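One-letter residues, chain by chain:
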Amino acid sequence: MFDVTSLLLVAFGVGIVIGLTGMGGGALMTPALIFLGIPPTTAVANDLVAAAVNKSVGAAAHLKHGTPDLKLAALLIVGSVPTAAAGGWLINQVGSPEEQQAFVKAAIGVALLLAAGTYVLRTLLNMRHNIQVASEGGSPDSDEAPSLRVVPTIVVGALGGLLVGLTSVGSGSLIMVALLMLYPRLAPNKLVGTDLVQAIPLVLAAAVGHVIYEGIDWSILLPLIIGGAPGTYLGARLASWVQQNVVRRGIAIVLSLTGLGMLGLPPVWVGIAGAALLVLGPIVWGLVRKGHGLPPFPNTREEGLQAAAERYKQRQGSHDD
């Protein structure tokens, strides 16, 4: 069984990660609650309600400074709210309570593996973006409203909403990466602000859909909010002192191993997978960096970007010829 102290410590720790990177909320909190002995459906329901409170604070700050693209957020909301609200109902249709718990646990495992993959993809997209910035001698980000891709954006919202409605995972990680791919020139602050704004109705709809069938357990919800707020604040204060790439790589490994465990992979094989990721991961990433003109392990970020920018210019010149 769990106790209040354990919940507070878990919420505080996850809050620190969210403050450091802006990522990992539902992807870390929900499996942590399950490992504490909380049934998967109860963990998802209470995490969604807590996330609705915490994300509202972050979105309010971005709205105050005018960073979100409200038209883009509205398209995402059109797609995400109906599917997110249906999450609780869909789980309730699975069968017996035991079958529902097994279904949600497996769905969370798949969602965690997807989230881990999107973290890696986001790092790759950011690397390419920074190389392009350096090669153009400025920033390709635009303060102007992007040309909206209506249908793909609504589809992204619908798929993200369904995943969140079933597992509470993906409101930040998966949708954020999809936006990066659809709108590569959207300024980073607008990207984050838009994602936070669209996440409020998304998470609220998912929370309502679960509360109707599962209810709220105040002994779980209150520690999540009370512990998460100071953790997020501390993480935000420490963000400038910590290399976020290192933290994000760690999160990707943790999510991968947790997802495999949720899907029933024996602990021995989870351990083997973890060792392989720790040893081979940096080697593979170094080869990817080298393929993009970056040194595998640069002394400074600026040196690496400058070298990659030169390679980028050469390739563009060869294409033009």
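- For the chain, an unreviewed UniProt entry supplies the name Probable membrane transporter protein and the organism Janibacter alittae.
- As stated in UniProt under Sequence similarities (unreviewed entry), the record for the chain gives "Belongs to the 4-toluene sulfonate uptake permease (TSUP) (TC 2.A.102) family."

1. So, the UniProt feature "transmembrane region" (unreviewed entry) in the chain
- When the UniProt feature table is mapped onto this chain, "transmembrane region" (unreviewed entry) is found at residues 7-38, 72-91, 103-121, 154-183, 195-213, 219-239 and 269-288.
- The annotated region residues 269-288 carries 100% helix and 0% strand content, and the separation between its end C-alpha atoms amounts to 26 Å.

2. Regarding a nonpolar patch on the surface
- Taken together, the side chains of V4, L8, I216, W218, L222 and I226 define a hydrophobic patch exposed on the protein surface, amounting to about 550 Å² of accessible area.
- For the nonpolar patch, the element with the highest residue contribution is helix α9 (residues 218-238), accounting for three residues.
- Its place among the elements puts V4 in helix α1 (residues 4-21).

3. Examining unusual backbone geometry
- Here the phi dihedral of S168 falls at roughly 70°; this positive angle occurs in a residue that is not glycine.
- If you trace the backbone, S168 turns up in the loop between α6 (150-167) and α7 (173-182).
- We classify S168 as buried; its relative accessible area is 6%.

Cut-offs and rules
- Residues numbered from 1 in each chain as written.
- Predicted model: local features only at pLDDT ≥ 70, side-chain atom pairs only at ≥ 80, totals over all residues.
- Heavy atoms only, no water.
- UniProt positions renumbered as here; feature names shortened; annotations may be inferred.
- Helix = DSSP H or I, 4+ residues; strand = E, 2+ residues; numbered from the N terminus.
- Patch = residues over 30% accessible without salt bridge, like charges linked within 9 Å, V, L, I, M, F, W, Y side chains within 5 Å.
- Areas by Shrake-Rupley, 256 points an atom, 1.4 Å probe, with all protein chains shown as cover.
- Salt bridge = Lys/Arg side-chain N within 4 Å of Asp/Glu carboxyl O.
- Buried < 20%, exposed > 50% of the residue type's maximum accessible area, 1.4 Å probe, protein only.

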